[in-house]
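Secondary and tertiary structure notes
Single-letter residue listing:
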Amino acid sequence: LEIYPQISALPERPLEPVATLGNFDGVHRGHQAILARLQEEAKRLDAPTMVITFHPHPRQVLRPEHALHPMMSLKERLRILWDLQVDHVLVIPFDVDFAHVTATEFVDEILWERLRLRAIYVGGDTAFGQERQGDVRFLASEGRRLGFATGVVDPVMAAGGPISSSRIRHALAAGDMSLVAQMLGRHHTVVGQVVKGEARGREL
């Protein structure tokens, strides 16, 4: 897994990947379906795979009054993407300035000029660019203009509804760990540093 911590870290020669775009909080079964489709197409085209993601989560920057607690750290997200054999990850630092990049600028300057992507696969609810102007229909139109393919991966269903990061966060808050595991495709883990406390655990 090759990680690029910002756009300027990308190699000068475009990677020409098959890519996907999103926050990937949890890297849940819906995300995994997109990554599987990505790898299938990359193998067919003999191209590398790439995940384009953002850190911090855009909602943490644009709507700080509505507390959003990601399920995992960036480090954990990258570890799971490594486990899933993604070739490249571009982590775009998301701040107020980047929030003003229009969908057209994002496609022209990043997806095309810097990456020259071969294809992009996303979920049907994908939105990006200033005021979330860019959607699936926009991506498909831009792909026809520039020369890359656009594919939409159907949502994965669980317990009567589509799997999403927000739905998993709600299940976590409610303590429904069975549903969380069903949607993640694995048990939820909490990662942190063990520090010395009051040593009560040894008495339990």
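Scroll up to find the structure.
Now for a description of the structure that goes with this document. Computed from a prediction, not measured in an experiment: that's the story for all the values here.

**A short note on helix α3 (residues 74-83)**
Within α3 the residues assigned to the buried category are Leu 74, Glu 76, Arg 77, Leu 78, Ile 80 and Leu 81. Downstream of α3 by a residue or two, Gln 85 has a phi angle that is positive, lying close to 65°.

**Some words on the pairing of strand β4 (residues 88-93)**
Every regular strand shows the same layout, with side chains that alternate between the two sheet faces. Among the six residues that make up β4, five are buried, leaving the element largely enclosed by the rest of the structure. Strand direction decides the pairing type here: strand β1 (residues 2-4) and β4, joined by three bridges, are parallel. In the sheet register, Glu 2 faces β4, and the bridge partner there is His 88. Here strand β3 (residues 49-55) runs beside β4; their pairing, made up of six bridges, is parallel. Of the residues in β4, the one forming a bridge with Phe 54 is Ile 92.

**Observations regarding the pattern of salt bridges**
Evaluation of the coordinates by the stated rule reveals nine salt bridges. Across the salt bridge formed by Asp 25 and Arg 169, the nearest N and O atoms sit 2.6 Å from each other. Here the residue Asp 25 occupies a position in the loop between β2 (18-21) and α1 (29-45), and Arg 169 occupies one in helix α6 (residues 165-174), the gap between them amounting to 144 residues. Accessibility assignment for this pair places Asp 25 and Arg 169 in one class, buried. Asp 108 is the salt-bridge partner of Arg 145, the closest N and O atoms lying 2.6 Å from each other. You can see Arg 145 sitting in helix α5 (residues 136-146) and its partner Asp 108 sitting in helix α4 (residues 103-114), a full 37 residues away along the chain. Take Arg 145: its relative accessible area is 46%, and that puts it in the partly exposed class. Look at the salt bridges and you will find they share partners, linking Arg 37, Glu 40, Glu 41 and Arg 44 into a network.

**Re α5**
Of the residues making up α5, those classed as buried are Val 136, Leu 139, Glu 142, Gly 143 and Leu 146. Taken around the axis of α5, the buried residues stretch over an arc of 125°, which confines them to a single face. Of the residues in α5, the exposed ones pointing more than 90 degrees away from the buried face are Arg 137 and Arg 144. Among the structural elements, α4, β5 (119-123) and β6 (149-153) are those in contact with the buried residues of α5.

The rules we used
- Residues numbered from 1 in each chain as written.
- Predicted model: local features only at pLDDT ≥ 70, side-chain atom pairs only at ≥ 80, totals over all residues.
- Heavy atoms only, no water.
- Buried < 20%, exposed > 50% of the residue type's maximum accessible area, 1.4 Å probe, protein only.
- Helix = DSSP H or I, 4+ residues; strand = E, 2+ residues; numbered from the N terminus.
- Pairing = 2+ DSSP bridges.
- Salt bridge = Lys/Arg side-chain N within 4 Å of Asp/Glu carboxyl O.
- Arc of directions from axis to C-beta.
- Contact = heavy atoms within 4.5 Å.

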